[in-house]
Amino acid sequence: YLGAGEQLSSTLILANPSAKLAAAGKVDFFSPDGKPLELSIGGAAAKDSLEFNLPPLGSAEFPVTVSGPATTGRARIEADQPVAATVRFSSPSLGTANLPESLVTDAFAMPAIRDRARGISTAVFVINGETGGVYELTLTAPGDQTDVTVPPNSQMIRYVEELFPDVEDVQGALLLDGASLAAFTVLKTGSEFTVMPVMRAPRVSGAQQAQAARAEP
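As a starting point, this report considers the structure included with it. Keep in mind the model is a prediction, meaning the values are calculated, not measured.

1. Describing the overall build of the protein chain
- What the protein chain contains, in helices and strands, is 2 helices and 17 strands.
- When the 217 residues of the protein chain are sorted by exposure, 44% land in the buried category.
- When the accessible surface of the protein chain is summed, it comes to about 10,900 Å², and 51% of that surface belongs to carbon and sulfur atoms.

Here it is, written out as structure tokens:
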């Protein structure tokens, strides 16, 4: 996930962990609806992709800019060797944080907190693969469930209170069951945010997991 323009700024950081092999690859940029997104890297002409070459144990930073209004999207990285990636994202209303690379898998478990008195909420970012579909999202406490539709190659950003409007305060987990998905969560406290990890989960329906959680003493 990245953003640029107006008061948003992002820098894509890539690193090659191999001590022996160079890493070469390509980064493609997409808008939230999955269409190619043209961005300027380091002031160069805007393009919807960039190629990179990293020497052994090497790294590179790619500052992202756009002309015009604020723009958000995501980057997809393909390389001939494993590379590590993060985005240093900055917003005047939220501060600065490093957004980690997202896992691609079929099922996730992620923390979920909402505390209205303290101004805390959780947003979930879901990035779909090329198939699209309707996916099951379960909040383990109190065990509510909803379906979300994520079109092919697109992304969804929702707060807990948007996904589960009848739920007030909560401290539990979100379970997401789908196919070829990537995700991460953000904990928002007032004007600050913290990126929280997600974990791979077994392909068990959220309803079954929620029922099991309620059955525990």
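2. Section: the nonpolar core
- Leu-14, Phe-29 and Phe-52 are the most contacted members of the largest nonpolar core, which totals 27 residues.
- In this structure, Phe-52 is in contact with Leu-14, Ala-23, Ala-24, Gly-25, Lys-26, Val-27, Phe-62, Ile-77, Glu-78, Ala-79 and Val-83, ignoring residues within four places of it in sequence.
- Counting residues in hydrophobic clusters, the runner-up holds 18 residues, among them Val-126, Leu-137, Leu-139 and Val-148.

3. Notes on the side chain of Ser-40
- Following the sequence through the fold, Ser-40 ends up in strand β4 (residues 40-41).
- What makes Ser-40 buried here is its relative accessible area of 10%.
- Within the structure, Ser-40 has its side chain in polar contact with the backbone oxygen of Ala-44 (distance 2.5 Å).
- Beyond its immediate sequence surroundings of up to four residues, Ser-40 is in contact with Ala-46, Pro-63, Val-64 and Thr-65.

4. A closer look at the sheet that holds strand β2 (residues 9-15)
- The 5 strands lie next to each other as β4-β6-β2-β8-β9, forming an open sheet whose pairing is antiparallel. Edge positions in the open sheet fall to β4 and β9 (95-100), since each of these has one partner strand only.
- Across 6 bridges, the pairing between β2 and strand β6 (residues 59-65) is antiparallel. Paired with Ile-13 across the bridge in β6 is Glu-61.

5. A closer look at the environment of Leu-54
- You can see Leu-54 is positioned in strand β5 (residues 49-54).
- Considered as a pair, Leu-54 and Ser-18 are 36 residues apart in the sequence and their alpha carbons are 9.9 Å apart.

Thresholds applied
- Residues numbered from 1 in each chain as written.
- Predicted model: local features only at pLDDT ≥ 70, side-chain atom pairs only at ≥ 80, totals over all residues.
- Heavy atoms only, no water.
- Helix = DSSP H or I, 4+ residues; strand = E, 2+ residues; numbered from the N terminus.
- Buried < 20%, exposed > 50% of the residue type's maximum accessible area, 1.4 Å probe, protein only.
- Areas by Shrake-Rupley, 256 points an atom, 1.4 Å probe, with all protein chains shown as cover.
- Core = buried A, V, L, I, M, F, W, Y, C linked by side-chain atoms within 4.5 Å.
- Contact = heavy atoms within 4.5 Å.
- Polar contact = N/O pair within 3.5 Å; in protein donor to acceptor, adjacent residues only side chain to side chain.
- Pairing = 2+ DSSP bridges.

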